[in-house]
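The primary structure of each chain is shown beneath.
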Amino acid sequence: MKAVVNRIIPFSSVDGPGNRTAIFLQGCNINCKYCHNPETRGLCIGCGSCVEQCPVGALSRTAEGRIRYDASKCVQCDTCIHVCPHDSSPRTWEMSPEEAYEKVKRQIPFIRGITVSGGECMLQPDFLLELFRLAGKDGLTTMIDSNGTIPFWEFPELLSVTDGVMLDIKAFGAKEHQRITEASNDTVLKNAVYLAEQSKLYEVRCVIVPDLYDAEQSIRDMGKFLAPYLKIREFRIKIIAYRPMGVREAYSHYRIPGREYLDSLADILREYGFRDIVMI
């Protein structure tokens, strides 16, 4: 059992509670227009476009037609991901849960837990299950960062070893969510309710792109929808300002929302009883 790992960040303070090791898996099932790490969306198909463009020769093709990545030569210029026509990256590794956890174990004295993100990590639930079992044995907490399109209720065993889920709600309105992501949000909203009822909903994340959808109405509708579940267990709402760094060129023109606008959205949530609100 192996997953394609895009990168492992040894220490992160923005991917869940405390200091954590964050693991990003490759591959996603939706197409967010404002995606801030689009190079994690697709799996490498070995087309070779990046090999010719790499300025330091860190990439080559194997006899089987796969891309070989030499990390010792790489200067992290990101040319390969900029020229990739498939929203992918050759700088990935196939890892078993045990291999990935070996990378985590180095930080154990200094971290509170691990968070797995993507891409969409719930596309590889068996990998998550085994990785979280290993982490649990060493007393580490386990978090999932998900776009919410995979039904969590179908994976009770995984949820039993998961301490919390950070769930994206790209937009509350069905038509707006479809326009932003090319996918329905029916399962996303059902997941929000299910996770809240199971006391597994740690954080709801909303990226604010005023030019792309009615963020104020979305926040208002979402707040009203989720407020009843605060009585089960309080969870955080994270309001994230769109920024053009890292997004695809075609979607880099959107306006960055100002702090005053973000504050007004937080005020709407406070009207519904939310207290744990983070703006970044």
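Please refer to the structure higher up on the page.
It should be emphasised that the depicted structure is a prediction, and the values quoted were computed from it without experimental measurement.

Trainee: What's the story with unusual backbone geometry in this structure? I'm lost.
Mentor: Trans is the prevailing form of peptide bonds, just as negative phi is the prevailing case for residues other than glycine. Following glycine 118, the chain continues to glycine 119 via a peptide bond in cis, the omega torsion being 20 degrees. Assignment of secondary structure puts glycine 119 in the loop between strand 6 (113-117) and helix 4 (125-137). One non-glycine residue, glutamine 76, lies in the positive phi region at around 55 degrees. Look at glutamine 76 and you get partly exposed, because its relative accessible area is 48%. Phi at aspartate 87 takes a positive value of approximately 50 degrees, unusual for a residue other than glycine.

Trainee: Looking at this structure, I do not really get the pattern of salt bridges. What am I missing?
Mentor: Pairing of side chains with opposite charge becomes possible as their charged atoms draw close. Under the defined criterion, the tally for this structure stands at 20 salt bridges. Glutamate 94 is the partner of arginine 66 in a salt bridge, and the nearest nitrogen-oxygen pair spans 3.2 Å. You can see arginine 66 sitting in the loop between strand 3 (59-61) and strand 4 (67-69) and its partner glutamate 94 sitting in strand 5 (residues 93-95), a full 28 residues away along the chain. Overall, glutamate 94 belongs to the partly exposed group, its relative accessible area being 46%.

Trainee: Quick question: what am I supposed to make of helix 4 here?
Mentor: Every α-helix winds through 3.6 residues per turn, so residues three or four apart in the chain are directed the same way. Between the first and last C-alpha of helix 4 there are 19 Å, a value that for 13 residues agrees with the 18 Å anticipated at 1.5 Å per step. Every buried residue of helix 4 is listed here: Pro125, Phe127, Leu128, Leu129, Leu131, Phe132 and Ala135. Backbone geometry just after helix 4 places glycine 139 at a positive phi near 80 degrees.

Trainee: Before we go on, may I ask you to explain helix 9 (residues 259-271) in this structure?
Mentor: The terminal C-alpha atoms of helix 9 lie 19 Å apart, and with 13 residues this matches the ideal 18 Å at 1.5 Å per residue to within 8%. Buried positions along helix 9 lie against strand 9 (201-208), helix 8 (215-226), strand 10 (236-241) and strand 11 (277-279). Looking one or two residues past helix 9, glycine 273 carries a phi angle of roughly 100 degrees, positive in sign.

Trainee: Looking at this structure, I do not really get the packing of aromatic side chains. What am I missing?
Mentor: Aromatic rings in a pair are described by how distant their centres are and how their planes are angled relative to each other. Under the counting rule described, the total for this entry stands at five aromatic pairs. Between the aromatic rings of phenylalanine 235 and phenylalanine 274, the centroid separation amounts to 5.8 Å while the plane-to-plane angle is 65 degrees, which identifies the pairing as edge-to-face. One end of the pair, phenylalanine 235, is in the loop between helix 8 and strand 10; the other, phenylalanine 274, is in the loop between helix 9 and strand 11, and 39 residues separate them in sequence. Taken together, a centroid distance of 5.7 Å and an interplanar angle of 80 degrees make the contact between tyrosine 242 and tyrosine 254 edge-to-face. Within this pair, whereas tyrosine 242 is found in the loop between strand 10 and helix 9, its partner tyrosine 254 is found in the loop between strand 10 and helix 9, the two being separated by twelve residues in sequence. In this structure tyrosine 242 comes out as buried when scored by relative accessible area, which is 0%. The ring of phenylalanine 24 carries arginine 7 above its face, with NZ or CZ at 4.2 Å from the centroid.

Trainee: It is not clear to me how empty space enclosed by the protein should be interpreted in this structure. Could you clarify?
Mentor: Rolled over the atoms, a probe as big as a water molecule pinpoints where empty space is left. What the rule picks out here adds up to two cavities of 30 Å³ or more. Lining the largest cavity we find 15 residues, and of these Cys44, Cys47, Gly48, Cys50 and Cys84 sit closest to its centre. Broken down by class, the residue content of the lining of the largest cavity amounts to nine nonpolar, six polar and no charged. Here the second largest cavity defines a volume of roughly 70 Å³. For the lining of the second largest cavity, a count of residues per class yields ten nonpolar, one polar and one charged.

Trainee: I would appreciate a short explanation of the layout of surface pockets in the present structure.
Mentor: For the largest pocket, the calculated volume is near 1,100 Å³. Considering the residues around the largest pocket, the lining is formed by 46 residues, among which Arg7, Phe24, His36, Asn37 and Gly118 are closest to the centre. Where the lining of the largest pocket is concerned, the elements lending two or more residues are strand 1 (3-12), strand 7 (141-146), strand 9 and strand 10. Top element by residues in the lining of the largest pocket is strand 1. It accounts for four residues. When its residues are assigned to classes, the lining of the largest pocket shows 19 nonpolar, 14 polar and 13 charged. In this model, the second largest pocket occupies a volume close to 410 Å³. In this structure, the second largest pocket is lined by 17 residues; those nearest its centre are Cys44, Arg66, Ile67, Pro90 and Thr92.

What counts, and where the lines are drawn
Residues numbered from 1 in each chain as written. Predicted model: local features only at pLDDT ≥ 70, side-chain atom pairs only at ≥ 80, totals over all residues. Heavy atoms only, no water. Helix = DSSP H or I, 4+ residues; strand = E, 2+ residues; numbered from the N terminus. Buried < 20%, exposed > 50% of the residue type's maximum accessible area, 1.4 Å probe, protein only. Salt bridge = Lys/Arg side-chain N within 4 Å of Asp/Glu carboxyl O. Expected span 1.5 Å × (residues − 1). Contact = heavy atoms within 4.5 Å. Phe/Tyr/Trp six-rings, centres within 6.5 Å; stacked < 30°, edge-to-face > 60°. Lys NZ or Arg CZ within 6 Å of the ring centre and 35° of its normal. 1 Å grid on protein atoms, 1.4 Å probe; cavity = no way out; pocket = protein on both sides within 12 Å on 5 of 7 lines; lining within 4 Å. Points joined across faces, edges and corners; volume = space filled by probe spheres on them. Nonpolar A, V, L, I, M, F, W, Y, C, P; charged D, E, K, R; others polar.

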